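A structural walkthrough
What follows is the residue order along each chain.
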Amino acid sequence: MNKLLIAMAAFTALSLTATAYAADPATVNGKPIKQSWVDFIMKDAEARGQKGEGLKNAVLNELIGTELAYQEAIKKGFDKKSDIKIAAEIGERKLVTNAFLADYMEKNPVLDADTKAAYEQYKKELGDKEYKAQHILVKTEAEANDVMAQLNKGADFAKIAKEKSLDPGSKENGGDLGWFSPAGMVPEFGDAVSKLKKGATVAAPVQTQFGWHVIKLNDSRATQVPAYDKAKDGLKRTLQQRKLEQLMLGLKEKAKIVVPGSK
(Lines give C-alpha, C1' and ligand atoms only; values in the text may rest on other atoms or scores of the structure.)
Protein backbone atom coordinates (compact mmCIF):
# COMPACT_ATOMS: atom_id res chain seq x y z
CA MET A 1 0.00 0.00 0.00
CA ASN A 2 2.84 2.34 0.82
CA LYS A 3 4.11 2.08 -2.74
CA LEU A 4 0.86 2.75 -4.60
CA LEU A 5 1.85 6.32 -5.47
CA ILE A 6 5.39 5.56 -6.61
CA ALA A 7 4.58 4.75 -10.22
CA MET A 8 2.08 7.55 -10.92
CA ALA A 9 4.53 9.39 -13.18
CA ALA A 10 4.27 6.52 -15.64
CA PHE A 11 0.56 7.12 -16.04
CA THR A 12 0.27 10.91 -16.28
CA ALA A 13 -1.39 10.51 -19.67
CA LEU A 14 -4.32 8.91 -17.91
CA SER A 15 -5.04 11.96 -15.71
CA LEU A 16 -8.68 12.57 -14.97
CA THR A 17 -10.43 15.48 -13.25
CA ALA A 18 -12.43 15.12 -10.06
CA THR A 19 -15.57 16.30 -11.83
CA ALA A 20 -15.54 13.15 -13.96
CA TYR A 21 -15.98 10.79 -10.98
CA ALA A 22 -19.12 8.66 -10.98
CA ALA A 23 -20.27 6.00 -8.48
CA ASP A 24 -17.19 4.10 -9.57
CA PRO A 25 -14.72 6.76 -10.71
CA ALA A 26 -13.37 4.81 -13.69
CA THR A 27 -13.45 1.58 -15.62
CA VAL A 28 -10.64 -0.20 -17.43
CA ASN A 29 -11.75 -2.47 -20.26
CA GLY A 30 -15.14 -2.65 -18.57
CA LYS A 31 -13.71 -3.49 -15.15
CA PRO A 32 -14.53 -0.94 -12.44
CA ILE A 33 -12.06 0.99 -10.35
CA LYS A 34 -14.09 1.01 -7.14
CA GLN A 35 -14.69 4.18 -5.18
CA SER A 36 -14.08 2.17 -2.00
CA TRP A 37 -10.52 1.48 -3.21
CA VAL A 38 -9.89 5.18 -3.79
CA ASP A 39 -11.35 6.07 -0.39
CA PHE A 40 -9.25 3.46 1.40
CA ILE A 41 -5.98 4.55 -0.20
CA MET A 42 -6.82 8.23 0.33
CA LYS A 43 -7.41 7.59 4.02
CA ASP A 44 -4.11 5.72 4.34
CA ALA A 45 -2.18 8.41 2.44
CA GLU A 46 -3.69 11.23 4.49
CA ALA A 47 -2.88 9.39 7.72
CA ARG A 48 0.76 9.42 6.61
CA GLY A 49 0.63 13.17 5.96
CA GLN A 50 0.09 13.19 2.19
CA LYS A 51 -2.25 15.99 1.16
CA GLY A 52 -3.03 18.25 -1.76
CA GLU A 53 -5.65 18.78 -4.43
CA GLY A 54 -3.94 16.35 -6.78
CA LEU A 55 -3.87 13.45 -4.34
CA LYS A 56 -7.19 11.97 -5.43
CA ASN A 57 -6.23 12.10 -9.10
CA ALA A 58 -2.85 10.57 -8.29
CA VAL A 59 -4.52 7.70 -6.43
CA LEU A 60 -6.99 7.09 -9.24
CA ASN A 61 -4.27 7.19 -11.89
CA GLU A 62 -2.20 4.69 -9.93
CA LEU A 63 -5.18 2.35 -9.57
CA ILE A 64 -5.83 2.59 -13.31
CA GLY A 65 -2.21 1.74 -14.03
CA THR A 66 -2.33 -1.13 -11.57
CA GLU A 67 -5.53 -2.43 -13.16
CA LEU A 68 -3.94 -2.39 -16.62
CA ALA A 69 -1.00 -4.43 -15.33
CA TYR A 70 -3.33 -6.70 -13.35
CA GLN A 71 -5.48 -7.50 -16.38
CA GLU A 72 -2.41 -8.30 -18.44
CA ALA A 73 -1.08 -10.53 -15.63
CA ILE A 74 -4.40 -12.41 -15.55
CA LYS A 75 -4.22 -12.94 -19.31
CA LYS A 76 -0.79 -14.50 -18.86
CA GLY A 77 -2.02 -16.77 -16.07
CA PHE A 78 -0.10 -15.30 -13.15
CA ASP A 79 -3.17 -15.69 -10.92
CA LYS A 80 -2.93 -19.45 -11.43
CA LYS A 81 0.65 -19.74 -10.16
CA SER A 82 0.79 -21.73 -6.93
CA ASP A 83 3.31 -19.47 -5.17
CA ILE A 84 1.17 -16.40 -5.87
CA LYS A 85 -1.91 -18.15 -4.48
CA ILE A 86 0.01 -19.11 -1.36
CA ALA A 87 1.37 -15.57 -0.95
CA ALA A 88 -2.17 -14.19 -1.27
CA GLU A 89 -3.45 -16.61 1.38
CA ILE A 90 -0.64 -15.68 3.76
CA GLY A 91 -1.09 -11.97 3.04
CA GLU A 92 -4.80 -12.11 3.81
CA ARG A 93 -4.15 -13.96 7.07
CA LYS A 94 -1.57 -11.34 8.10
CA LEU A 95 -3.98 -8.49 7.38
CA VAL A 96 -6.75 -10.10 9.41
CA THR A 97 -4.37 -11.00 12.23
CA ASN A 98 -2.83 -7.52 12.38
CA ALA A 99 -6.29 -5.95 12.49
CA PHE A 100 -7.24 -8.25 15.37
CA LEU A 101 -4.05 -7.46 17.31
CA ALA A 102 -4.43 -3.72 16.72
CA ASP A 103 -8.00 -3.90 18.01
CA TYR A 104 -6.84 -5.85 21.07
CA MET A 105 -4.19 -3.24 21.89
CA GLU A 106 -6.70 -0.43 21.43
CA LYS A 107 -9.02 -2.10 23.93
CA ASN A 108 -6.16 -3.05 26.28
CA PRO A 109 -3.85 -0.03 26.17
CA VAL A 110 -0.65 0.49 28.12
CA LEU A 111 -1.43 3.31 30.56
CA ASP A 112 0.91 6.04 31.81
CA ALA A 113 0.78 4.42 35.24
CA ASP A 114 2.05 1.20 33.68
CA THR A 115 5.05 2.85 32.02
CA LYS A 116 5.89 4.81 35.18
CA ALA A 117 5.83 1.62 37.26
CA ALA A 118 7.99 -0.12 34.64
CA TYR A 119 10.43 2.82 34.77
CA GLU A 120 10.81 2.53 38.54
CA GLN A 121 11.39 -1.21 38.21
CA TYR A 122 13.90 -0.55 35.44
CA LYS A 123 15.86 1.83 37.70
CA LYS A 124 15.78 -0.73 40.50
CA GLU A 125 17.12 -3.48 38.25
CA LEU A 126 19.92 -1.28 36.92
CA GLY A 127 21.29 -0.81 40.42
CA ASP A 128 23.41 2.04 41.71
CA LYS A 129 26.58 1.35 39.74
CA GLU A 130 27.56 0.51 36.19
CA TYR A 131 30.86 -0.78 34.91
CA LYS A 132 33.25 -0.51 31.96
CA ALA A 133 35.11 -3.74 31.36
CA GLN A 134 36.96 -5.89 28.85
CA HIS A 135 36.70 -9.64 28.49
CA ILE A 136 38.20 -12.48 26.55
CA LEU A 137 35.83 -15.37 25.85
CA VAL A 138 37.24 -18.81 25.09
CA LYS A 139 35.74 -22.28 24.85
CA THR A 140 37.56 -24.19 27.58
CA GLU A 141 38.93 -23.60 31.06
CA ALA A 142 42.35 -24.67 29.88
CA GLU A 143 42.36 -21.97 27.19
CA ALA A 144 41.21 -19.40 29.76
CA ASN A 145 43.99 -20.40 32.15
CA ASP A 146 46.50 -20.03 29.33
CA VAL A 147 45.19 -16.51 28.67
CA MET A 148 45.52 -15.72 32.39
CA ALA A 149 49.11 -16.95 32.35
CA GLN A 150 49.97 -14.72 29.39
CA LEU A 151 48.40 -11.70 31.08
CA ASN A 152 50.32 -12.40 34.28
CA LYS A 153 53.51 -12.25 32.23
CA GLY A 154 52.55 -8.80 30.91
CA ALA A 155 50.75 -9.62 27.65
CA ASP A 156 48.43 -6.97 26.25
CA PHE A 157 44.78 -7.69 27.10
CA ALA A 158 43.34 -6.04 23.98
CA LYS A 159 45.77 -7.87 21.68
CA ILE A 160 44.85 -11.27 23.09
CA ALA A 161 41.14 -10.42 22.87
CA LYS A 162 41.47 -9.61 19.17
CA GLU A 163 43.37 -12.83 18.55
CA LYS A 164 41.44 -15.32 20.68
CA SER A 165 38.08 -14.03 21.94
CA LEU A 166 34.99 -15.81 20.65
CA ASP A 167 32.76 -12.78 21.32
CA PRO A 168 32.21 -11.14 17.90
CA GLY A 169 30.63 -8.07 19.47
CA SER A 170 33.72 -7.03 21.42
CA LYS A 171 36.82 -8.80 20.11
CA GLU A 172 37.62 -6.18 17.44
CA ASN A 173 37.50 -3.54 20.20
CA GLY A 174 40.01 -5.45 22.29
CA GLY A 175 37.27 -7.09 24.32
CA ASP A 176 35.81 -3.72 25.38
CA LEU A 177 32.15 -4.06 26.41
CA GLY A 178 31.57 -0.36 27.07
CA TRP A 179 29.42 0.73 30.01
CA PHE A 180 26.90 -1.79 31.31
CA SER A 181 24.85 -2.74 34.33
CA PRO A 182 25.47 -6.14 35.94
CA ALA A 183 21.73 -6.75 35.59
CA GLY A 184 22.19 -6.79 31.83
CA MET A 185 24.72 -9.62 31.98
CA VAL A 186 24.37 -13.27 32.88
CA PRO A 187 24.57 -13.59 36.71
CA GLU A 188 28.03 -15.18 36.88
CA PHE A 189 29.55 -12.43 34.75
CA GLY A 190 27.75 -9.59 36.54
CA ASP A 191 28.70 -10.89 39.97
CA ALA A 192 32.36 -11.23 39.01
CA VAL A 193 32.56 -7.70 37.61
CA SER A 194 30.87 -6.10 40.62
CA LYS A 195 33.52 -7.63 42.93
CA LEU A 196 36.51 -6.31 41.00
CA LYS A 197 38.49 -3.19 41.82
CA LYS A 198 39.28 -0.67 39.09
CA GLY A 199 42.13 -1.91 36.90
CA ALA A 200 41.98 -5.47 38.27
CA THR A 201 41.54 -8.73 36.39
CA VAL A 202 39.64 -11.70 37.81
CA ALA A 203 41.78 -14.08 39.86
CA ALA A 204 40.35 -17.05 37.96
CA PRO A 205 38.36 -17.49 34.74
CA VAL A 206 34.57 -17.14 35.03
CA GLN A 207 32.35 -19.79 33.48
CA THR A 208 28.98 -18.89 31.94
CA GLN A 209 26.66 -20.52 29.45
CA PHE A 210 28.77 -18.95 26.68
CA GLY A 211 32.12 -20.36 27.75
CA TRP A 212 35.00 -19.15 29.93
CA HIS A 213 35.68 -15.44 30.48
CA VAL A 214 38.78 -13.56 31.54
CA ILE A 215 37.50 -10.18 32.73
CA LYS A 216 39.24 -6.88 33.44
CA LEU A 217 37.46 -3.95 35.10
CA ASN A 218 38.51 -0.58 33.67
CA ASP A 219 36.16 1.79 35.47
CA SER A 220 32.91 2.18 37.39
CA ARG A 221 30.51 5.02 38.03
CA ALA A 222 27.06 5.84 39.36
CA THR A 223 24.38 4.45 37.06
CA GLN A 224 23.40 6.85 34.28
CA VAL A 225 19.63 6.34 34.16
CA PRO A 226 17.86 7.97 31.18
CA ALA A 227 15.13 10.44 32.05
CA TYR A 228 11.60 9.06 32.07
CA ASP A 229 10.60 11.14 29.03
CA LYS A 230 13.38 9.52 27.00
CA ALA A 231 12.70 6.00 28.26
CA LYS A 232 8.90 5.89 28.25
CA ASP A 233 8.39 5.14 24.53
CA GLY A 234 10.69 2.13 24.66
CA LEU A 235 9.09 0.94 27.89
CA LYS A 236 5.65 1.32 26.36
CA ARG A 237 6.63 -0.81 23.37
CA THR A 238 8.03 -3.46 25.70
CA LEU A 239 4.82 -3.52 27.75
CA GLN A 240 2.73 -3.73 24.59
CA GLN A 241 4.79 -6.69 23.44
CA ARG A 242 4.27 -8.38 26.78
CA LYS A 243 0.52 -7.90 26.51
CA LEU A 244 0.54 -9.51 23.07
CA GLU A 245 2.70 -12.38 24.34
CA GLN A 246 0.24 -12.97 27.20
CA LEU A 247 -2.64 -12.93 24.72
CA MET A 248 -0.95 -15.51 22.51
CA LEU A 249 -0.05 -17.73 25.48
CA GLY A 250 -3.69 -17.65 26.58
CA LEU A 251 -4.87 -18.60 23.09
CA LYS A 252 -2.32 -21.41 22.94
CA GLU A 253 -3.37 -22.80 26.31
CA LYS A 254 -7.00 -23.03 25.17
CA ALA A 255 -6.19 -24.48 21.76
CA LYS A 256 -5.79 -28.07 20.66
CA ILE A 257 -2.57 -28.09 18.67
CA VAL A 258 -1.42 -31.25 16.90
CA VAL A 259 1.98 -31.40 15.22
CA PRO A 260 2.53 -34.94 13.89
CA GLY A 261 5.94 -36.33 14.71
CA SER A 262 6.75 -33.80 17.43
CA LYS A 263 7.29 -34.74 21.06
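Residues numbered from 1 in each chain as written. Predicted model: local features only at pLDDT ≥ 70, side-chain atom pairs only at ≥ 80, totals over all residues. Heavy atoms only, no water.

Moving on, we come to the nonpolar core. Within the largest apolar cluster, 23 residues are counted, with the highest numbers of intra-cluster contacts made by Ile 136, Val 147, Val 193, Val 202, Val 214 and Ile 215. Secondary structure elements with two or more residues in this core: strand S3 (129-138), helix H5 (141-152), helix H6 (157-164), helix H7 (187-194) and strand S6 (211-222). Contacts of Val 193, omitting those with residues within four sequence positions, involve Tyr 131, Phe 180, Ile 215 and Leu 217. With twelve residues, the next largest nonpolar core counts Ala 26, Val 28, Ile 41 and Met 42 among its residues. (Core = buried A, V, L, I, M, F, W, Y, C linked by side-chain atoms within 4.5 Å. Buried < 20%, exposed > 50% of the residue type's maximum accessible area, 1.4 Å probe, protein only. Helix = DSSP H or I, 4+ residues; strand = E, 2+ residues; numbered from the N terminus. Contact = heavy atoms within 4.5 Å.)

Attention now moves to unusual backbone geometry. Excluding glycine, residues mostly have negative phi values, and the peptide bonds linking residues are mostly trans. One non-glycine residue, Asn 29, adopts positive backbone phi at about 55°. Inspection of the secondary structure puts Asn 29 in the loop between strand S1 (26-28) and strand S2 (31-33).

Attention now moves to the packing of aromatic side chains. Within the structure shown, the criterion is met by two aromatic pairs. Between Tyr 119 and Tyr 228, the ring centres sit 5.4 Å apart and the planes meet at 70°, which makes this aromatic pair edge-to-face. Here Tyr 119, found in helix H4 (residues 112-126), pairs with Tyr 228, found in helix H8 (residues 228-254); they are 109 residues apart in sequence, far enough to count as distant. Both residues of the pair, Tyr 119 and Tyr 228, count as buried. Looking at Arg 221, its charged tip hangs above the ring of Trp 179, at a distance of 4.0 Å from the centre. (Phe/Tyr/Trp six-rings, centres within 6.5 Å; stacked < 30°, edge-to-face > 60°. Lys NZ or Arg CZ within 6 Å of the ring centre and 35° of its normal.)

Together, Phe 100, Met 248 and Leu 251 line one region of the surface with nonpolar side chains, adding up to about 270 Å² of accessible area. Residue position: Met 248 is located in helix H8. (Patch = residues over 30% accessible without salt bridge, like charges linked within 9 Å, V, L, I, M, F, W, Y side chains within 5 Å. Areas by Shrake-Rupley, 256 points an atom, 1.4 Å probe, with all protein chains shown as cover. Salt bridge = Lys/Arg side-chain N within 4 Å of Asp/Glu carboxyl O.)

At their nearest, the axes of H5 and H6 sit 10 Å apart, and the two run at 150° to each other. Accordingly, the angle class assigned to the pair H5 and H6 is roughly antiparallel. In the packing of H5 onto H6, the handedness of the crossing is right-handed. The segment H5 lies against H6, with Asp 146, Val 147, Gln 150 and Leu 151 engaging Phe 157, Ile 160 and Lys 164. The residue makeup of the contact of H5 with H6, split by class, is four nonpolar, one polar and two charged. (Axes fitted to C-alpha atoms, helices over the stretch in contact; angles between N-to-C directions. Parallel < 35°, antiparallel > 145°, perpendicular 65-115°, else oblique. Left-handed = near helix turned anticlockwise from the far one by under 90°. Nonpolar A, V, L, I, M, F, W, Y, C, P; charged D, E, K, R; others polar.)

Just distances and angles here, no functional claims.
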